[in-house]
Each structure stands twice: as structure tokens, then as C-alpha cells.
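A closer look at the structure
Single-letter residue listing:
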Amino acid sequence: MLSSRGKTNADRFDIPWRYAVAPTYNKETNPEGVISFGLAEHVPVRSDIAEYINNKVKFNTNSVCYGSMATEHKLEGAAAAHLNKYLKPLKPIEPRMVMKTNGCTAAGNMLAFALADFGDGVLISRPVYGRFELDYGAQGGVDIVYADTDPDEAFSPTCIEKYEKALADAKERGVKIRAVVLVNPHNPVGRCYPTETLIEILKFCNTHQLHLISDEIYALCDFASGGLRLGFIVSHNAELRRSLSAISRFNGPSSAVETIGATILQDEEFVSEFTEKSRQDLAYSYRIATSILEEESINYIKGGNAGFFVYVDLSPYLPNDDTLQPQEREFALAQKLLDNGLFLHPGEEHCKYLGWFRLVYSHDEHVLREGLRRLVKTLKSLQQPQT
């Protein structure tokens, strides 16, 4: 017999397309396998990180002991120095402001516990990364409340009108909003927020006494090593840090991962070279993806300058089947793509319009081109878009 929350979590597996399909494609050993354009990882530079760890990281006794017993505490200082150098915050980050977590999923979970009660909400404009519903909800029981912005509107100061409406609607339903969550650079649109829009969102939070959580996992386009499960919460709020420390035993990284993270972040020459290579590779892959989309007249949100993805409009290719519910039409298109060996996650970004998909382009070139070939082939086999 499960608890009510245990059953709720178990039932999540019954939600159609809730979880991603694993990629199985290999050019030599499984050329007919599935290519996934749904998982946001920077695959081409992953080997650089693996090689660096193999050649440069040296483990010692502090790398295998309990964190509380370690005699060296380098990671917080390394992270603070790294963020100060590359992100240039108005007020420098001090090591004491840095909380270590075993990934950004854990960070969201911790913030849900520290800032909200069960049944409270956090406010997010959409489209947006869909797994926030799990990060904040699966354990913390915090609801995601969406402000219904268009993909372009989310970056305009006028988005505050939609935030105000979503806040008022939540209050009518008895949901107390505790925080606003931003993803900057944005997932799935692939842009950074303009300063003027950030200022208006800060004013909105101040007016309504809401916390602002800025998810910046794609700043510098990360280190292609999500499997290390290392992240940070940076806050000037001493009371919040104290609360997070109390639950860090459930969400902290291993000492071995701390050693890896500190070694990488302290190697300024490697970080500089890696970051530049990462940017060049992503720019090249973005040009390939968008040029093919434009050649095939597939609409997408223009102006991407960060992240691993473009947001594409496949609504003209949704099946015209009156027997299907609206969401089922999107599922049907996703299944057609999957039948042709390509996974795009339907409904994951919670766009208010049907037919929009996040396309991750950060793949080795041959994988990217093969995946796009499968996309075009599938769409051409379906109804042609109306002119």
C-alpha cells in the first residue's frame, strides 16, 4: 500500500509521452536506431571533458570521504571565481553564497521545499522546460503556474501583463504563488532575456513579495557532463542558505564529483579553451539546423543565441482527425516521427499552441544531418502545409 504521494508519483508513468525515448542510433553498429532530438546535451564536446578527467583529475583521501570530514573545501571558491569571471554579476559572488547540489534538478527540488508549502505554486511563463513540473512537484508538491506568453512575448516587458493575470487566477483558485522562475538563457527558445525585461520582472516580484529563481544552466552552454550531477544554488539570502543546508544531506554531490568539479573550474586555461570550442561548435550546428529548416520552409523561432535548441512549429503537419483530442494530435505526429527513427518530445515545453517542438541540434554533424533528414522525410510523407 503506497502513500497518496507515492501513488501520485507512480501514476506519472501512465501519462502519455511523459518521459523521453532513449537514443539507440549508432552510425556503424545500429544505423536504423532512434536519434533523439529531445535530450539537451552538448554531445560533440563530451569527449573533451572525459579526456580531461582521465588525464588531469587527481583523487586523494578527501575525494572518497564524507564531505563533512574533508579538510579541503575548494569547490565553492572555484565556482564563485568562475561565475564572477564569466557572468560578471553586479555584486561579486562570495564562496559562502554558493550551495553545492547534485545537479540542477536537485536544486529545484531543494528550493521547492525551502520556499513553498505543499500545494503552493511557482510562476513561469511558457513555453518552458517541462520537467519543472517534476523538479518542483514530484517531492515538494509545488504546482507550476503558467503565464500564457507567446514565445516572443516572453522576452518583452509586456510579459508582466500575463504574469499579473496568472497570479490573479492562481489566487482565485486558492494557490499561493511563492516565486517566479526564469530560465536564462531560455529553454526552449534559445535566447537570453533583455535587461529591460529582467528589470520589469524584478519589479513584479518586489511588488508581490515573490522570490526570483533564475535557472542559468545554459550560461556558457555548460560542460557537457550532466551525468556528473553537479550544480549550484547561489543566493545572497543567508536564511535561505541555512534552510538549504539542513537538507543538503539528501541533495549534495559526492566528494569524488566535487574533486572533478573543482579541478575543472580552477583550470582557467582549459575552461577558456573549452568554452570557445563549445561556442564555435554550437554556432556551426545551429547554422546547419536552421539552414535546413529554412530550405524546407519549416517555421521556427528566429534569433537564437544560446542553448542547444531551436523551437520549431510543426502544427501544419498535425493530423486532421476529429476523433482525436487536441493533445492526441500532437502525440500522433510524435509517433509518426518515432516510427521513422526520430524522437521529438510532444507537449514537453507546455506551449499554449499545439504542434511546437524543441529540436536539440547539439549533436555530431553526421547525427544532426541524419536526424534532420528523417524529420524532413516524415513531414513530406504527411499532409503538406497550407499556403
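Let me sum up the structure you'll find in this document. (Residues numbered from 1 in each chain as written. Predicted model: local features only at pLDDT ≥ 70, side-chain atom pairs only at ≥ 80, totals over all residues. Heavy atoms only, no water.)

1. Quick notes on the overall build of the chain
- The helix and strand tally for the chain stands at 13 helices and 10 strands.
- The principal-axis extents of the C-alpha atoms in the chain amount to approximately 65 × 55 × 50 Å.
- With 387 residues in all, the chain has 48% of them scored as buried.
- Look at the contacts in the chain between residues 6 or more apart in sequence, and 76% of them connect residues 24 or more apart.
- Surface exposure of the chain reaches about 19600 Å², of which carbon and sulfur atoms provide 51%. (Helix = DSSP H or I, 4+ residues; strand = E, 2+ residues; numbered from the N terminus. Buried < 20%, exposed > 50% of the residue type's maximum accessible area, 1.4 Å probe, protein only. Contact = heavy atoms within 4.5 Å. Areas by Shrake-Rupley, 256 points an atom, 1.4 Å probe, with all protein chains shown as cover.)

2. As for the pattern of salt bridges
- A full pass over the atoms with the stated rule returns 22 salt bridges.
- The salt bridge partner of Glu 348 is Arg 18, with a shortest N-O separation of 3.2 Å. Residue Glu 348 is located in the loop between strand 9 (342–343) and strand 10 (356–360), and its partner Arg 18 is located in the loop between helix 1 (4–11) and strand 1 (35–36); the two are separated by 330 residues in the primary sequence.
- Residue Glu 348 is classed as buried on the basis of its relative accessible area of 6%.
- On the accessibility criterion, Arg 18 (9% relative accessible area) is buried.
- Arg 178 is the salt-bridge partner of Asp 120, the closest N and O atoms lying 2.8 Å from each other. Remark: Arg 178 occurs in strand 5 (residues 177–183) and Asp 120 occurs in the loop between helix 4 (104–115) and strand 3 (121–125); sequence separation between them is 58 residues.
- Here the salt bridges share partners, and the residues they tie into one network are Arg 18, Arg 131, Glu 133 and Glu 348. (Salt bridge = Lys/Arg side-chain N within 4 Å of Asp/Glu carboxyl O.)

3. Looking at empty space enclosed by the protein
- Applying the stated rule across the entire model yields 1 cavity of 30 Å³ or more.
- Lining the largest cavity are Leu 220, Asp 222, Phe 223, Phe 274 and Thr 275. (1 Å grid on protein atoms, 1.4 Å probe; cavity = no way out; pocket = protein on both sides within 12 Å on 5 of 7 lines; lining within 4 Å. Points joined across faces, edges and corners; volume = space filled by probe spheres on them.)

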